[in-house]
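Architecture and fold: a report
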Amino acid sequence: MRLFTVIAAFAAGALWTTASLAAPEDFETGPLIEGYGAVTTVDNQMPIPDGTVFRVAFDVTTPAEVGETNRNLDSAARFLNMHVAAGVPAENIHIAIIVHGGAIQDVSNGNHFTPGVEPANAELVATLLAHNVDIYVCGQSAAYHNVGVEDLLPGVTMSLSAMTAHALLQQDGYTLNPF
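Just so you know, these numbers come straight off a predicted model, no measurement behind them.

**Remarks on the overall build of the chain**
- Each helix and strand counted, the chain has 6 helices and 5 strands in total.
- Of all 179 residues assigned to the chain, the portion counted as buried reaches 36%.
- A total of about 10,800 Å² of accessible surface is found on the chain, and carbon and sulfur atoms cover 57% of it.

**As for the nonpolar core**
- Grouped together as the largest cluster of nonpolar side chains are 31 residues, with contacts concentrated most on Ile-95, Ile-97, Val-99 and Leu-128.
- The biggest single contributor to this core is helix 2 (residues 71–85), with 5 residues.
- Setting aside chain neighbours within four positions, we find Ile-95 in contact with Val-56, Phe-58, Ala-76, Phe-79, Leu-80, Asn-132, Val-133, Asp-134 and Tyr-174.
- Of all hydrophobic cores here, the second largest spans 8 residues; its members include Ala-96, Ile-98, Ala-162 and Tyr-174.

**Topic: helix 2**
- Here helix 2 spans 20 Å end to end across 15 residues, near enough to the 21 Å set by a 1.5 Å rise per residue.
- Residues of helix 2 that are buried sit in contact with strand 1 (54–60), strand 2 (93–99) and helix 4 (122–130).
- One or two positions beyond helix 2, positive phi appears at Gly-87, with a value near 100 degrees.

**Focus: the packing of aromatic side chains**
- This structure, assessed with the given rule, holds 2 aromatic pairs.
- Here Phe-54 and Phe-79 contribute two aromatic rings whose centre-to-centre distance is 5.4 Å and whose plane-to-plane angle is 85 degrees, an arrangement assigned as edge-to-face. One end of the pair, Phe-54, is in strand 1; the other, Phe-79, is in helix 2, with 25 residues separating them in the sequence.
- Classification of Phe-54 by relative accessible area gives buried; the value is 19%.
- Summarising the aromatic geometry, the rings of Phe-58 and Phe-79 are spaced 5.9 Å apart at their centres and angled 80 degrees between planes, so their arrangement reads as edge-to-face.

**Observations regarding the pairing of strand 1**
- Across the 7 residues of strand 1, 5 count as buried, placing the element largely inside the fold.
- Of the pairings in the sheet, the one linking strand 1 to strand 2 comprises 7 bridges and is parallel in character. Bridging from a neighbouring strand, Phe-58 pairs with Ile-97 of strand 2.
- With helix 2 bridging strand 1 and the parallel strand 2, this β-α-β connection has right-handed handedness.

**Quick word on the sheet that holds strand 1**
- Taken in spatial order, the 5 strands make up an open sheet running 4-3-2-1-5, and their pairing is parallel. Bordering the open sheet on either side are strand 4 (157–159) and strand 5 (175–177), each of which pairs with just one other strand. Strand-to-strand twist of the sheet, defined as the mean angle between neighbouring strand axes without regard to direction, takes the value 35 degrees.
- One ladder, built from 4 bridges, connects strand 2 with strand 3 (residues 134–138); its direction is parallel. Paired with Ile-97 across the two strands is Ile-135, which belongs to strand 3.
- Here helix 6 (residues 162–171) sits on the sheet and contacts strand 1, strand 2, strand 3, strand 4 and strand 5; the angle it forms with strand 2, its principal contact strand, is near 160 degrees.

**Some thoughts on the confidence of the model for the chain**
- Considering every residue of the chain, the mean pLDDT works out to 86; 85% of them sit at 70 or more.
- The low-confidence segment residues 3–20, where pLDDT is below 50, has 0 contacts with residues more than four positions distant or belonging to other chains.

**Thoughts on a negative patch on the surface**
- On the surface, Glu-25, Asp-26, Glu-28 and Glu-34 cluster together to form a negatively charged patch.
- Of note, Glu-34 is situated in the loop between helix 1 (2–19) and strand 1.

Reading the values: rules and limits
Residues numbered from 1 in each chain as written. Predicted model: local features only at pLDDT ≥ 70, side-chain atom pairs only at ≥ 80, totals over all residues. Heavy atoms only, no water. Helix = DSSP H or I, 4+ residues; strand = E, 2+ residues; numbered from the N terminus. Buried < 20%, exposed > 50% of the residue type's maximum accessible area, 1.4 Å probe, protein only. Areas by Shrake-Rupley, 256 points an atom, 1.4 Å probe, with all protein chains shown as cover. Core = buried A, V, L, I, M, F, W, Y, C linked by side-chain atoms within 4.5 Å. Contact = heavy atoms within 4.5 Å. Expected span 1.5 Å × (residues − 1). Phe/Tyr/Trp six-rings, centres within 6.5 Å; stacked < 30°, edge-to-face > 60°. Pairing = 2+ DSSP bridges. Right-handed = clockwise from strand over helix to strand, strands pointing away. Axes fitted to C-alpha atoms, helices over the stretch in contact; angles between N-to-C directions. pLDDT = per-residue confidence, 0-100. Patch = residues over 30% accessible without salt bridge, like charges linked within 9 Å, V, L, I, M, F, W, Y side chains within 5 Å. Salt bridge = Lys/Arg side-chain N within 4 Å of Asp/Glu carboxyl O. Lys, Arg positive; Asp, Glu negative; His and termini not counted. Charge placed at Lys NZ, Arg CZ, Asp CG, Glu CD.

Shown next, in the form of structure tokens:
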């Protein structure tokens, strides 16, 4: 039994060492989206087959701190960067972001939630939209927060609800990316 404990401890240490090879300075943005979505090279043992097409929906409910980039919006940029870096053509990656709850502040103009403050996520949202990412706001959350279509950042689309957006995207073959 003692030998088993020693072997198990050694294996756990080896896994910890392998998992911690990349330091924060090893993460870089790009190759598709510069400035957002930092990734690092990984010894990937789960190959991505040639011709893979991703259709992924991100569910975003947690707002960023005022003046900060929303981490979940940045994750969409990271998904694009890491898969393009891994050899998946950008045109084979389809992302939709469904924003609801308090996170709608991160895709609304600055005059609605923090008058006079430029929205911290405006550049990231514009960059994602320029890379064919669709961003939908839950109309029910928007109504609760008194947000109208005119309050959304350019290119962000109002949907009936987050549930509706997810249901329609799932019918189009999108999978939900867990956070």
